[in-house]
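Observations on the three-dimensional arrangement
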Amino acid sequence: MKSVMPIQLCLEFVDSPQGSDPSGTASELDVKDWLRHKSKRKKKPGITTAAADTSRLLDEVASEANLAKALLHVANNKGAAGVDGKSVEEVMAQAYRLLPRLSRQLLNGLYRSGEIKRVVIPKPGGGERGLGVPNVIDRWVQQAIHQVLAPLYEVDFHRSSHGFRPARGAQTAIREAKAFVSAGKGWVVSVDLSKFFDRVNHQRLLSRLARKINDKRILRLIHQMLKAKVVLPDGTRVSVEEGTPQGGPLSPLLSNIVLDELDWELERRGLSFVRYADDLNVFVRSERAGARVMEGLTRFIERRLRLKVNEDKTVVDRPEDVHILGFSLRRKPVEKTTEVLLSKKTIIRIRNKVKELTPRNWGQSFEALFRKANEYLEGWVGYFSLCSEEGARTFKVIDAHFRRRVRCIVIRRFHRQRFLRRHLIQRGVSKVAAAKFAYSSRGSWSKSFNPVIHKAYPNRWFSGQLCSLWEKWLLINIPPTEAVSGQLLLSF
């Protein structure tokens, strides 16, 4: 009998009318409805849950219900095409035939991971970060594995681990850090792991996985994914001996499994800490204790975990001077409260972003500028809404800076002074004030702070058009009903 060569699932494209016919392509809505229906189907009698029997996990991973749920997740996340050039939309269009074929290939051991596309993106604080973009089919399989393994490991993860976990995130991490500072732990050991995702030891990772997973087929599948070759931007193919490339759905879970050993070591030593992925902060009561903790942790991380600590970025400092997931913390001894502030790095980054969103030579409409800016600002304030009121006062400064840059754009649009004078008069400025302003020898940035341009473009002109960080913070943090002057004001 002729053997079948194990190859990665190939995409087949045919010309057929759109619709819900499994024999042809279909619209995205039809496919999503079909996948939702498949994902809700009951499991076959022979398939057991991960918690009951870890020797048959691949059956759970390869079930059509699990694969349907995984593809929906990948489709919702979108993302770029991998090395094979196939987009999420192309895979979704062929989901009817690909899903059962992928299930069979996984169960028969014929599935093979494709190569990983290396993409380099700039870091917010400078430098570059390399991301690995798997093919859509590989992201699909990784998500299917994640859905089965995550519940298995979630029950054992430490409570102070907040990254890439359900019902946890940066917000919960900052709340816990705030509690530590409020308890009097006024020094922070901020540990930076150098190129963590590129240095994970494969054998140690697989060994830890094997402690809980008895299905060797799953271990072989994960090992195959870890060993997938990386295609660099110049086309060079590189073999991988260590690391879990960022960019795939499985990578965050594997990183938590690797660092879970560190979490419980910190617990054993009686230390208070907050970890978000590879961002670790340990809270102690004195600088001397911080130095001692940093030395011990460096030794454990490098000798036991075989990872590398970046000594230049690992510091012992006061919480108000440490960048903790974009925030800093400041304790008020008299009031015995802890303020959540924007970190210095975050303030620099948002000011640079405002500058990027408001180029001085902006040539499109202000509606387009505001639309682009609001997409960013609304997401930004949603993340940083945890700031206390004192920290949120910086939002007012950012709002004012943004408005000033827009006024500067207005001034620069009028290359002739008489045109600017005429425009200001149309905006309600007196003729004398408009002439004095327009014919002034000052630069546009200096003029943008002048009362004349403020009269032409007052703050209320921006209201309803440009997202106000301060007003958004108030909406999120101030309840809709408040007592004012002894009377209860109701919001309708």
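The following refers to the structure shown.

Reading the values: rules and limits
Residues numbered from 1 in each chain as written. Predicted model: local features only at pLDDT ≥ 70, side-chain atom pairs only at ≥ 80, totals over all residues. Heavy atoms only, no water. Core = buried A, V, L, I, M, F, W, Y, C linked by side-chain atoms within 4.5 Å. Buried < 20%, exposed > 50% of the residue type's maximum accessible area, 1.4 Å probe, protein only. Helix = DSSP H or I, 4+ residues; strand = E, 2+ residues; numbered from the N terminus. Contact = heavy atoms within 4.5 Å. Pairing = 2+ DSSP bridges. Expected span 1.5 Å × (residues − 1). Phe/Tyr/Trp six-rings, centres within 6.5 Å; stacked < 30°, edge-to-face > 60°. Lys NZ or Arg CZ within 6 Å of the ring centre and 35° of its normal.

1. Comments concerning the nonpolar core
Trp140, Leu209, Ile222 and Val282 are the most contacted members of the largest nonpolar core, which totals 74 residues. A per-element tally of this core places helix H6 (residues 136-154) first, with eleven residues. Beyond its immediate stretch of four places on either side in the chain, Trp140 contacts Leu67, Ala70, Leu71, Val74, Val91, Leu98, Leu99 and Leu102. Within the second largest apolar cluster, 55 residues are counted, among which are Phe283, Phe402, Trp470 and Trp473.

2. Considerations on the pairing of strand S6 (residues 272-276)
The element S6 is extensively covered by neighbouring structure, given that four of its five residues are classed as buried. Pairing of S6 with strand S7 (residues 279-284), which is carried by five bridges, proceeds in the antiparallel orientation. Note that in S7 the partner of Ser272 across the bridge is Phe283.

3. Here we look at helix H3 (residues 64-77)
One full turn of an α-helix is made of 3.6 residues, so residues set three or four places apart face in the same direction. The terminal C-alpha atoms of H3, which comprises 14 residues, lie 20 Å apart, in line with the 20 Å expected from a rise of 1.5 Å per residue. Along H3, the positions that sit buried rather than exposed are Ala65, Asn66, Leu67, Ala68, Ala70, Leu71, Leu72, Val74 and Ala75.

4. Looking at the packing of aromatic side chains
Taken as a whole and judged by the stated rule, the model has 17 aromatic pairs. Considering the side-chain rings of Tyr457 and Trp461, the 4.8 Å spacing of their centres and the 85° angle between planes classify their relative orientation as edge-to-face. Relative accessible area serves as the criterion here: at 6%, Tyr457 is assigned to the buried category. Taken together, the ring pairs in this structure connect Phe327, Trp380, Tyr383, Phe384 and Phe395 into an aromatic cluster. The aromatic ring of Tyr376 is capped on one face by Lys353, whose charged end is 4.9 Å from the ring centroid.

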